[in-house]
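# Coordinate analysis (summary)
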Amino acid sequence: MSDAFRTIAWEGDALLLLDQRVLPVIESMRRCTDSSGVADAIRTMVVRGAPAIGVSAAFGLVLAVRSAWKKGKSWRRAFDEAATELSGTRPTAVNLFWAIDRMRREAATLPDDPGAAFARLEERAIALFEEDVAANRAMGAHGANLLPAEGNVLTHCNAGALATAGYGTALGVIRAAVAAGKRIHVYVDETRPFLQGSRLTAWELMKDGIPCTLITDNMAASLFAAGKIDAAVVGADRIAANGDVANKIGTYGVAVLCKAHKVPFYVAAPVSTIDRSIATGKRIPIEERDPSEVTHLMGKRVAPHGVSVYNPAFDVTPARYVSAIVTEKGVLKPPLAHALRNLFR
Ligand code: MRU
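Residues numbered from 1 in each chain as written. Predicted model: local features only at pLDDT ≥ 70, side-chain atom pairs only at ≥ 80, totals over all residues. Heavy atoms only, no water.

Let us now look at the overall build of the protein. What the protein contains, in helices and strands, is eleven helices and 16 strands. Against the 2.2 N^0.38 benchmark of 20 Å for 345 residues, the protein shows a C-alpha radius of gyration of 20 Å, consistent with a compact globule. In terms of its C-alpha atoms, the protein occupies a principal-axis envelope of roughly 65 × 55 × 40 Å. Taken over 345 residues, the protein has a buried fraction of 56%. Of the contacts formed within the protein by residues at least 6 apart in sequence, a portion of 74% connects residues at least 24 apart. Roughly 14100 Å² of accessible area belongs to the protein as shown, and the carbon and sulfur atoms make up 53% of that amount. For the protein, the centre of its 41 positive side-chain charges and the centre of its 35 negative side-chain charges are spaced 4 Å apart. (Helix = DSSP H or I, 4+ residues; strand = E, 2+ residues; numbered from the N terminus. Rg over C-alpha atoms; globule rule 2.2 N^0.38 Å. Buried < 20%, exposed > 50% of the residue type's maximum accessible area, 1.4 Å probe, protein only. Contact = heavy atoms within 4.5 Å. Areas by Shrake-Rupley, 256 points an atom, 1.4 Å probe, with all protein chains shown as cover. Lys, Arg positive; Asp, Glu negative; His and termini not counted. Charge placed at Lys NZ, Arg CZ, Asp CG, Glu CD.)

Bringing helix 1 (residues 35-43) into the picture now. Listed in full, the buried residues belonging to helix 1 are S35, G37, V38, A39, A41 and I42. Looking one or two places after helix 1, you find M45, whose phi comes out positive at around 70 degrees.

Moving on, we come to the site of the ligand. Looking at the ligand, there are 19 residues lining it, with R48, R90, D237, N247 and K248 nearest. Taking K248, its side chain carries an N or O atom lying 2.7 Å from an oxygen atom of the ligand. Computed on the free molecule, the ligand has an accessible area of 410 Å², of which 99% lies beneath the protein chains in the complex. Taken together, the residues of the shell around the ligand break down into eight nonpolar, seven polar and four charged. Of the domains in this structure, domain 1 (8-137) and domain 2 (140-343) are the two that each give at least three residues to the shell around the ligand. (Near = heavy atom within 4 Å. Polar contact = N/O pair within 3.5 Å; in protein donor to acceptor, adjacent residues only side chain to side chain. Nonpolar A, V, L, I, M, F, W, Y, C, P; charged D, E, K, R; others polar. Domains from an automatic or database assignment.)

Here the focus is the sheet that holds strand 1 (residues 8-10). Hydrogen bonds along the backbone pair up the strands of a sheet, which may run parallel or antiparallel. If you walk across this open sheet you meet the three strands as 1-2-3, and the pairing is antiparallel. Bordering the open sheet on either side are strand 1 and strand 3 (29-32), each of which pairs with just one other strand. Direction aside, neighbouring strands of the sheet carry axes that sit 20 degrees apart on average. As paired elements, strand 1 and strand 2 (residues 15-18) share three bridges and run antiparallel to each other. Looking across to strand 2, one finds that A9 is bridged to L16. Helix 1 rests against strand 2 and strand 3 of the sheet, and its axis sits at about 145 degrees to strand 3. (Pairing = 2+ DSSP bridges. Axes fitted to C-alpha atoms, helices over the stretch in contact; angles between N-to-C directions.)

This next bit is on the sheet that holds strand 10 (residues 265-268). Spatially, the seven strands line up as an open sheet ordered 6-5-4-7-10-15-16, and their pairing is mixed. Either end of the sheet is taken by a strand with one partner, and the two such strands are strand 6 (212-215) and strand 16 (330-332). Recorded for the sheet is a direction-independent mean angle of 25 degrees between the axes of neighbouring strands. Looking at chain direction, strand 7 (residues 231-234) and strand 10 are connected through three bridges and run parallel. Along strand 10, the bridge assignment pairs V233 with Y266. Seen against the sheet, helix 9 (residues 251-260) touches strand 4 (150-155), strand 5 (183-189), strand 7 and strand 10 and runs at an angle of roughly 140 degrees to strand 10. Its contacts with the sheet put helix 11 (residues 336-343) on strand 15 (324-327) and strand 16, and the angle it makes with strand 16 is roughly 145 degrees.

Take the domain arrangement of the protein next. One can read the domain layout of the protein as domain 1 (8-137) and domain 2 (140-343). Inter-centroid distance (C-alpha atoms) of domain 1 to domain 2 is 25 Å. Contacts between the two partners involve 29 residues from domain 1, matched on the other side by 35 residues from domain 2. Counting every contact that joins domain 1 to domain 2 gives two salt bridges. Viewed at the interface, domain 2 and domain 1 are joined by 22 residue pairs in polar contact (both at pLDDT 80 or more). Counting residues per element, the ones that place at least two in the side of domain 1 that touches domain 2 are helix 2 (50-71), helix 4 (94-108) and helix 5 (114-144). The element contributing the most residues to the side of domain 1 that touches domain 2 is helix 5, with six residues. When its residues are assigned to classes, the side of domain 1 that touches domain 2 shows 17 nonpolar, five polar and seven charged. (Salt bridge = Lys/Arg side-chain N within 4 Å of Asp/Glu carboxyl O.)

Time to look at the packing of aromatic side chains. Scanning all chains against the criterion turns up four aromatic pairs. Seen in terms of ring centroids, F5 and W203 are 4.8 Å apart; in terms of plane orientation they differ by 45 degrees. Their pairing is tilted. You can see F5 sitting in the segment before strand 1 and its partner W203 sitting in helix 7 (residues 196-208), a full 198 residues away along the chain. Taking the relative accessible area as the measure of exposure, F5 reaches 10% and is therefore buried. Using a relative accessible area of 10% as the deciding quantity, one classes W203 as buried. Relative to F59, the ring of W10 has its centre 4.8 Å away and its plane inclined at 25 degrees; by these criteria the two rings are stacked. (Phe/Tyr/Trp six-rings, centres within 6.5 Å; stacked < 30°, edge-to-face > 60°.)

As enumerated under the stated definition, the model contains 17 salt bridges in all. Of the charged contacts, one joins E204 and R175 as a salt bridge, the two residues approaching to 2.8 Å between their closest N and O atoms. Of this pair, E204 sits in helix 7 while R175 sits in helix 6 (residues 170-179), and the two are 29 residues apart along the sequence. Of the residues examined, E204 reaches a relative accessible area of 0% and is grouped as buried. Since its relative accessible area comes to 4%, R175 is described here as buried.

Laid out in structure tokens, this is it:
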């Protein structure tokens, strides 16, 4: 595991978040002392990645209850208001709503005493954090077996320690394979427009000394054509009941390339990413982000003023393109709808 940095750290009265907007140039922690600060950090991508935003939101709720306690206000009202604000930050990653729901269920069992409520909710948020790291470790152990003893693995976006409480989902699988002695080299998609691949994944892999090569997204196809990709591993923001997978925009293209070149396409995600209330990927809400992410590169304009822009943050890969979903409970193989049903049985 990369112990070289902490993505999320709880201080008892504040949540520290590694500011992912300025990596890899600057390594600085944003200190959030109230739930609105956490909501802002999620909305503006100080913290990003499905499990990381879920865990952060849980601590945001703890901060809301703490403020109400210190000000002598109703902690339940503060909790509800914070839950509403946090729910409105990003729509696609279901882990956000999952974590808020977990905290809400805990809150419903608590007494009116604000100090006691704070202590129990803090405990619950810490447990969510620890469960996420444990889930990633378990995914790593299951998924490492899928990767070849030696070869090139393509990944898209960042599904690493930065996107989780630690270790990572897709990068967790890669980390575990490398730890098991497999000679894995990673091709890292740059991941336009937010550059999670170049700024975050390459940074994480290099910190761990895992061999990697950065490519721009449009270079992947030529590597497949040259027979240089042995597997692709990505994370997920929401998985529908039939196995359709929403993940970072561009993931679908990687899956199509895998299919065309008969290369396995693996998705690594915790059970909290599975949304059984949604039958297919068609019903997954896809976030559209500010056009400036496309018209500007690191604050510099790279497109004409006034140009029309389309900036969806995620796409949906149909289940038929997915070779396996790696969860903490094991590896799900097609038919995925059936495997997912069995998982919850
Ligand atoms: O917009 P982002 O950076 O939050 O998108 C992140 C992804 O798409 C990740 O692949 C996904 O959340 C899985 S993270 C373990």
